[in-house]
Amino acid sequence: MGFRHCLKKEVFWGCIVLVAVLFLSSGCENLMQDMYDQAKYEPFEKSELFPQGQSARPLMDNTVVHASGGFASSSSGRVGIKKVDISGVNIPFPVTLKILQRGQERYNIYCTPCHGLVGDGDGMVVRRGFPRPPSYHSERLRNVPDGHFYNVMTWGFGRMLSYADRIEPQDRWAIVAYIRALQLSQHTRLADVPKNVRQSLESG
Ligand code: HEC
């Protein structure tokens, strides 16, 4: 019994047509838009459409930079920049309520996932298993100069990444100011509390 006799006639011819279609269509790939050469401009690609033949467009007014602060853009934010040690420096401008509020906002965005809302190191990702950072309320961190916090944000620290490409220098100082406020909130003597508030605390 030959091969042909094992199959029904229609099935046999169906298979032949299918194989022929597959064979012929394999050459069509080049006619289709390759997925890896998509219809879009790649960085610095020429353009017939725009003046000067450039596809890159000038930045619009009020464009907000993604990376800044004297750092080349990179995930660690510190390519090719010489490390300047400012760990002994204190916040270089007067701290106002507005700056504290800005610091609180930035701190809550960038630092709470690990350091927690109050800074004791029990942020959400730590509760899920990330290494626990030290509490800001330790004797040591209460006594380091402001520049130490600034440095940690700028350069990273041990297992903590740099935040230089996400937080502008001005905002880093605002965060330092807010961390100082957090520290004060956990270590205040009654004598430091304004008189009018003190009374209500004592009676409460
Ligand atoms: C993804 C988690 C994570 C985030 C987010 C994070 N940190 Fe940390 N941070 C750590 C860890 C972990 C350590 C301890 C690193 C080590 O000792 O190896 C640390 C340590 C520190 C220290 C202590 C340095 C010392 O002298 O012991 C400071 C200060 C600090 N972080 C500030 C910040 C600030 C400010 C932010 C927000 C801009 C921030 N961190 C965001 C994880 C994080």
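Under an unreviewed UniProt entry, the protein has the name Cytochrome c domain-containing protein and belongs to Nitrosococcus halophilus.

Enquirer: Mind laying out the coordination of the iron atom of the ligand, listing which residues take part and the relevant values?
Expert: Around the iron atom of the ligand, the protein contributes the donor atoms His-115 (NE2) and Met-160 (SD), at 2.0 to 2.1 Å from the metal centre. One can describe the site at the iron atom of the ligand as octahedral: its six donor atoms subtend angles covering 84 to 178° at the metal. On the criterion of sequence distance, the pair formed by His-115 in helix α4 (residues 112-115) and Met-160 in the loop between α7 (146-155) and α8 (169-186) is long-range, its members being 45 residues apart. Using a relative accessible area of 26% as the deciding quantity, one classes Met-160 as partly exposed.

Enquirer: Describe the packing of helix α3 (residues 97-110) against α8, listing the residues and the values that go with them.
Expert: Relative placement of two packed helices is described by the angle separating their axes and the distance separating the axes. At a closest axis distance of 7 Å, the pairing of α3 and α8 adopts a crossing angle of 95°. Looking at the two axes, α3 sits roughly perpendicular to α8. Contacts between α3 and α8 pair Ile-99, Leu-100, Arg-102, Gly-103, Gln-104, Arg-106 and Tyr-107 from the former with Asp-171, Ala-174, Ile-175, Ala-177, Tyr-178, Ile-179, Ala-181 and Leu-182 from the latter. Residue composition of the contact of α3 with α8, by class: ten nonpolar, two polar and three charged.

Enquirer: Now, about the site of the ligand: what can you tell me, with residues and values included?
Expert: Not every one of the 23 residues close to the ligand is listed here, only the nearest: Cys-111, Cys-114, His-115, His-148 and Met-160. Here a nitrogen atom of the ligand sits 2.7 Å away from a polar atom, N or O, in the side chain of His-115. Residue Arg-140 places a side-chain N or O atom 2.6 Å away from an oxygen atom belonging to the ligand. Listed by contribution, the elements that provide at least two residues to the shell around the ligand are α4, α6 (139-143), α7 and α8. Examining the composition of the shell around the ligand, we find that four residues originate from one element, α7, more than from any other.

Enquirer: Quick one: what's the story with the environment of Ser-162, residue by residue and with numbers?
Expert: By the element assignment, Ser-162 lies in the loop between α7 and α8. With a relative accessible area of 1%, Ser-162 lands in the buried category. For the pair Ser-162 and Asn-151, spaced eleven residues apart in sequence, the C-alpha to C-alpha distance is 9.0 Å. At a separation of 2.8 Å, a polar atom in the side chain of Ser-162 contacts the main-chain carbonyl oxygen of Thr-154.

Procedures and definitions
Residues numbered from 1 in each chain as written. Predicted model: local features only at pLDDT ≥ 70, side-chain atom pairs only at ≥ 80, totals over all residues. Heavy atoms only, no water. Donors = N, O, S within 2.8 Å, 3.2 Å for Na, K, Ca; no water. Tetrahedral: all angles 85-135°; square planar, octahedral: opposite > 155°, others 65-115°. Helix = DSSP H or I, 4+ residues; strand = E, 2+ residues; numbered from the N terminus. Buried < 20%, exposed > 50% of the residue type's maximum accessible area, 1.4 Å probe, protein only. Axes fitted to C-alpha atoms, helices over the stretch in contact; angles between N-to-C directions. Parallel < 35°, antiparallel > 145°, perpendicular 65-115°, else oblique. Contact = heavy atoms within 4.5 Å. Nonpolar A, V, L, I, M, F, W, Y, C, P; charged D, E, K, R; others polar. Near = heavy atom within 4 Å. Polar contact = N/O pair within 3.5 Å; in protein donor to acceptor, adjacent residues only side chain to side chain.

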